[in-house]
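Now for the letters of each chain:
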Amino acid sequence: MSKKRAQDPLDLEQVIGQRTEKDRFANIRFMLELIPISLLSLGIFLRYQQMPYWDYALLIGGVLSAGVYLIFSRFLLKAEKQKTYEVVLSVASGIVIPLGILGVVFQTQYWDKAEMMMLYSMYGCLGLVFLTILSFLYRIKDQQAARFHRSLLSRLMIFAVILYSMLV
């Protein structure tokens, strides 16, 4: 019996009990994020290449991205079972990320208050990163919560790096 036990994986219960149910909204979430972010990236790329009409792609992509994150933040970061503070984290990220995206759009259009918007968004993003890390460490054993926290943390870290590169 000990030989058989030695050959079994350590997490046998997790392997056997694991369901292979696919999230039916995964493609919708992916496209909901991909299309506006692609337009925003295209606008920034066209601007640095000094091509015409870059400002239209940047404005449309920036406003769409900000709108998607503001309206659908809870849907984009939805876990199977969310606690109240996870809902608060996803809604707070849905406020902080659009503020920074609009700050980037304002800065590229040379509008007023762009630096202040980006600075407030950077502080909010760093606060959310700290809270997300603490929450992740507290609920590290729960797979659904860990997936939510990793997803939110990756978005916030990428966003913080983009904001930091635009501020400096």
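Residues numbered from 1 in each chain as written. Predicted model: local features only at pLDDT ≥ 70, side-chain atom pairs only at ≥ 80, totals over all residues. Heavy atoms only, no water.

Looking only at helices and strands, the chain has seven helices and zero strands in total. Sequence-ordered secondary structure for the chain, helices as α and strands as β, is α-α-α-α-α-α-α. Expressed as a percentage of its 168 residues, the buried residues of the chain come to 33%. Across the chain, every contact between residues at least 6 apart in sequence was considered, and the portion connecting residues at least 24 apart equals 70%. Within the structure as shown, the chain displays about 11500 Å² of accessible surface, and the carbon and sulfur contribution to it stands at 66%. (Helix = DSSP H or I, 4+ residues; strand = E, 2+ residues; numbered from the N terminus. Buried < 20%, exposed > 50% of the residue type's maximum accessible area, 1.4 Å probe, protein only. Contact = heavy atoms within 4.5 Å. Areas by Shrake-Rupley, 256 points an atom, 1.4 Å probe, with all protein chains shown as cover.)

What follows deals with the environment of Val129. Looking at where Val129 falls in the secondary structure, it is placed in helix H6 (residues 114-138). According to the relative accessible area criterion, Val129 is buried, its value standing at 9%. Along the backbone, Val129 and Ala160 are 31 residues apart, and their C-alpha atoms lie at a distance of 9.1 Å. With sequence-adjacent residues up to four places away left out, Val129 is seen in contact with Leu153, Leu156 and Met157.

The biggest cluster of nonpolar side chains holds 26 residues, and the ones touching the most others in it are Ile97, Ile101, Cys125, Leu152, Leu156, Phe159 and Leu163. For this core, the secondary structure elements donating two or more residues are helix H4 (54-76), helix H5 (84-108), H6 and helix H7 (143-167). If we ignore the near neighbours within four places in the chain, the residues touching Ile101 are Leu40, Gly62, Ser65, Ala66, Tyr69 and Phe159. (Core = buried A, V, L, I, M, F, W, Y, C linked by side-chain atoms within 4.5 Å.)

A word on a nonpolar patch on the surface. Together, Leu99, Met116, Leu119, Tyr120, Tyr123, Tyr164, Leu167 and Val168 make up a nonpolar patch on the protein surface, roughly 820 Å² of accessible area in all. Put simply, the parts of the chain that give the nonpolar patch at least two residues each are H6 and H7. In terms of residue count, H6 provides more of the nonpolar patch than any other element does, four residues in total. (Patch = residues over 30% accessible without salt bridge, like charges linked within 9 Å, V, L, I, M, F, W, Y side chains within 5 Å. Salt bridge = Lys/Arg side-chain N within 4 Å of Asp/Glu carboxyl O.)

Right, let's get into helix H3 (residues 26-48). Its 23 residues give H3 an end-to-end C-alpha distance of 33 Å, which sits within 8% of 33 Å, the value for a rise of 1.5 Å per residue. Along H3, the residues classified as buried are Arg29, Glu33, Pro36, Leu40, Gly43 and Leu46. Backbone geometry just downstream of H3 places Gln50 in the positive-phi region, at approximately 55 degrees. (Expected span 1.5 Å × (residues − 1).)

Quick look at the packing of H3 against H4 now. One can describe the packing of H3 onto H4 by two numbers: an axis separation of 8 Å at closest approach and a directional angle of 155 degrees. Looking at the two axes, H3 sits roughly antiparallel to H4. With respect to the hand of their crossing, H3 and H4 are arranged in left-handed fashion. Residue composition of the contact of H3 with H4, grouped by class: 18 nonpolar, four polar and three charged. (Axes fitted to C-alpha atoms, helices over the stretch in contact; angles between N-to-C directions. Parallel < 35°, antiparallel > 145°, perpendicular 65-115°, else oblique. Left-handed = near helix turned anticlockwise from the far one by under 90°. Nonpolar A, V, L, I, M, F, W, Y, C, P; charged D, E, K, R; others polar.)

The next subject is H6. Between its first and last C-alpha, H6 extends 36 Å over 25 residues, near the 36 Å set by a 1.5 Å rise per residue. Looking at H6, one finds that the buried residues are Ala114, Met117, Met118, Ser121, Met122, Cys125, Leu128, Val129, Thr132 and Ser135. If you follow the buried residues of H6, they end up packed against H5 and H7.

Here we come to the side chain of Ser93. Position of Ser93 among the secondary structure elements: in helix H5. Among all residues touching Ser93, those that are not within four sequence positions of it are Leu77, Pro98, Leu128, Leu152 and Leu156.

Residue-level pLDDT values for the chain average 78, and 83% of them are 70 or greater. In the model of the chain, helix H2 (residues 12-16) stands out as the element of lowest mean pLDDT, 51, in contrast to H6, which has the highest, 89. (pLDDT = per-residue confidence, 0-100.)

Each packed pair of helices is defined by two parameters, the angle between the axes and the distance between the axes. Viewed as axis vectors pointing N to C, H6 and H7 meet at an angle of 150 degrees, and their least axial separation amounts to 9 Å. The angle between H6 and H7 falls in the class roughly antiparallel. At the point where H6 passes H7, the crossing takes the left-handed sense.

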